[in-house]
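# Structural description and commentary
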Amino acid sequence: MKSYLAAAIQMSSKPDLENNLVEAEELIELAVRRGAELIGLPENFAFMGKEADKANQASEIALKAEKFLKRMAQRFQVTLLGGGFPVPVNDEPQKAYNTALLVAPSGQELARYRKVHLFDVNVPDGNTYQESSTVMAGTELPPLYVSDIYGKIGLSICYDVRFPELYRHLSDKGADVLFVPAAFTAYTGKDHWKVLLQARAIENTCYIIAPAQTGNNYERRYTHGHAMIIDPWGVILADAGEQTGIAIAEINASRLEQVRRQMPSLQHRVFG
Ligand SMILES: O=C(O)CNC(=O)[C@H](CS)NC(=O)CCC(=O)C(=O)O
């Protein structure tokens, strides 16, 4: 594993597939110009709108989002994560998997993950989320993509960040870098987002790359923003704030080794 720059992209995706992809392209280009080699797009990067609208367009979103990711990775010669887009379920046309896809500079698919934990929550601000009404839950643990250059990269999506066992599974397998692409609600995000990400970084002594949605996406849907990159000590290396843009920072191989020497908690586990 070498040291390199990674970027977490922050978008304010709307119910407009074509326009979201144009904006994603601009932000990928910005990240590339600043030297990023590993780049993540947030959950819902291609489409963020009412569950019913997303479900109706799922086939088109799936097709165009996947093509887009492969085209961008090839054009800019980067490793690119699409943090979550609907991929229709074969024998159940009403439902789609919330899917994260990691693509190589060659355009080849490296890893795919279907969101396991669905956000069915009544948030105290009055908003109700019922992700399971249109999304089929994945049933498999997330994959770890093993790269000689970029380290061992684990995938997850958004609400998953509240389930530490998933990340412990990945660190058990040797993860160095954990992706947490998200569309966190503004209400839960202000108290939980940063703390949860830092906890996952510290307890697994891993880098965290967390692309995010921000601002007013549609109607009364507001997202928290603060796409960030966190080091294995829990230090926030970059934070995109509330505007669209990028958080960019170095994933440093010797820092990773140093933290694991200084705090060998992974080696001191007694249970499990
Ligand atoms: O809502 C949409 O438009 C699209 N879907 C999402 O953004 C997903 C599923 S509803 N959001 C989350 O998982 C937020 C989790 C979260 O905010 C928390 O854990 O506090």
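Residues numbered from 1 in each chain as written. Predicted model: local features only at pLDDT ≥ 70, side-chain atom pairs only at ≥ 80, totals over all residues. Heavy atoms only, no water.

- By the naming in an unreviewed UniProt entry, the protein is Hydrolase, taken from Aphanothece hegewaldii CCALA 016.
- Heading Sequence similarities (unreviewed entry) of the UniProt record for the protein holds this comment: "Belongs to the carbon-nitrogen hydrolase superfamily. NIT1/NIT2 family." (UniProt positions renumbered as here; feature names shortened; annotations may be inferred.)

## A word on the overall build of the protein
- Looking only at helices and strands, the protein features six helices and 17 strands.
- A compact globule built from 272 residues should have a C-alpha radius of gyration of about 19 Å, and the protein, at 17 Å, falls within 12% of that.
- Expressed along its principal axes, the backbone C-alpha trace of the protein runs to roughly 50 × 40 × 35 Å.
- The 272 residues of the protein split such that 54% are buried.
- In the protein, of all internal contacts separated by at least 6 residues, the share reaching a separation of at least 24 is 68%.
- As displayed, the protein offers around 11,700 Å² of accessible surface, 49% of which is attributable to carbon and sulfur atoms. (Helix = DSSP H or I, 4+ residues; strand = E, 2+ residues; numbered from the N terminus. Rg over C-alpha atoms; globule rule 2.2 N^0.38 Å. Buried < 20%, exposed > 50% of the residue type's maximum accessible area, 1.4 Å probe, protein only. Contact = heavy atoms within 4.5 Å. Areas by Shrake-Rupley, 256 points an atom, 1.4 Å probe, with all protein chains shown as cover.)

## Quick look at the site of the ligand
- Close to the ligand lie 17 residues; Lys115, Arg162, Thr185, Thr188 and Arg221 are nearest.
- In this structure, arginine 162 approaches the ligand through a side-chain N or O atom, which is 2.7 Å from an oxygen atom.
- Within the contact set of the ligand, an oxygen atom lies 2.7 Å away from a side-chain nitrogen or oxygen of arginine 221.
- Protein coverage of the free-state accessible area of the ligand, which is 480 Å², stands at 99%.
- Mapping the ligand onto the cavity grids shows that it belongs to the largest pocket.
- Of the residues belonging to the shell around the ligand, the class tally is seven nonpolar, four polar and six charged. (Near = heavy atom within 4 Å. Polar contact = N/O pair within 3.5 Å; in protein donor to acceptor, adjacent residues only side chain to side chain. 1 Å grid on protein atoms, 1.4 Å probe; cavity = no way out; pocket = protein on both sides within 12 Å on 5 of 7 lines; lining within 4 Å. Sits in = over half its atoms within 2 Å of the grid points. Nonpolar A, V, L, I, M, F, W, Y, C, P; charged D, E, K, R; others polar.)

## Overview of empty space enclosed by the protein
- Counted by the stated rule, this structure contains one cavity of 30 Å³ or more.
- For the largest cavity, the full set of lining residues is Asn44, Lys54, Gly84, Phe85, Pro86, Ala96, Tyr97, Asn98 and Val135.
- Broken down by secondary-structure element, the contributors of at least two residues to the lining of the largest cavity are β3 (79-89) and β4 (92-103).
- Residue composition of the lining of the largest cavity, by class: five nonpolar, three polar and one charged. (Points joined across faces, edges and corners; volume = space filled by probe spheres on them.)

## With respect to the sheet that holds strand β9 (residues 144-147)
- The strand order across the open sheet formed by six strands is β9-β10-β11-β12-β15-β16, and the pairing between neighbours is mixed. Each end of this open sheet is capped by a strand with a single partner; those strands are β9 and β16 (236-239). On average, each strand axis in the sheet is tilted by 15° relative to the strand beside it, whichever way the strands run.
- Across three bridges, strand β12 (residues 207-210) lies against strand β15 (residues 228-230) in antiparallel orientation. Residue pairing in the sheet places isoleucine 208 in a bridge with isoleucine 230 of β15. (Pairing = 2+ DSSP bridges. Axes fitted to C-alpha atoms, helices over the stretch in contact; angles between N-to-C directions.)

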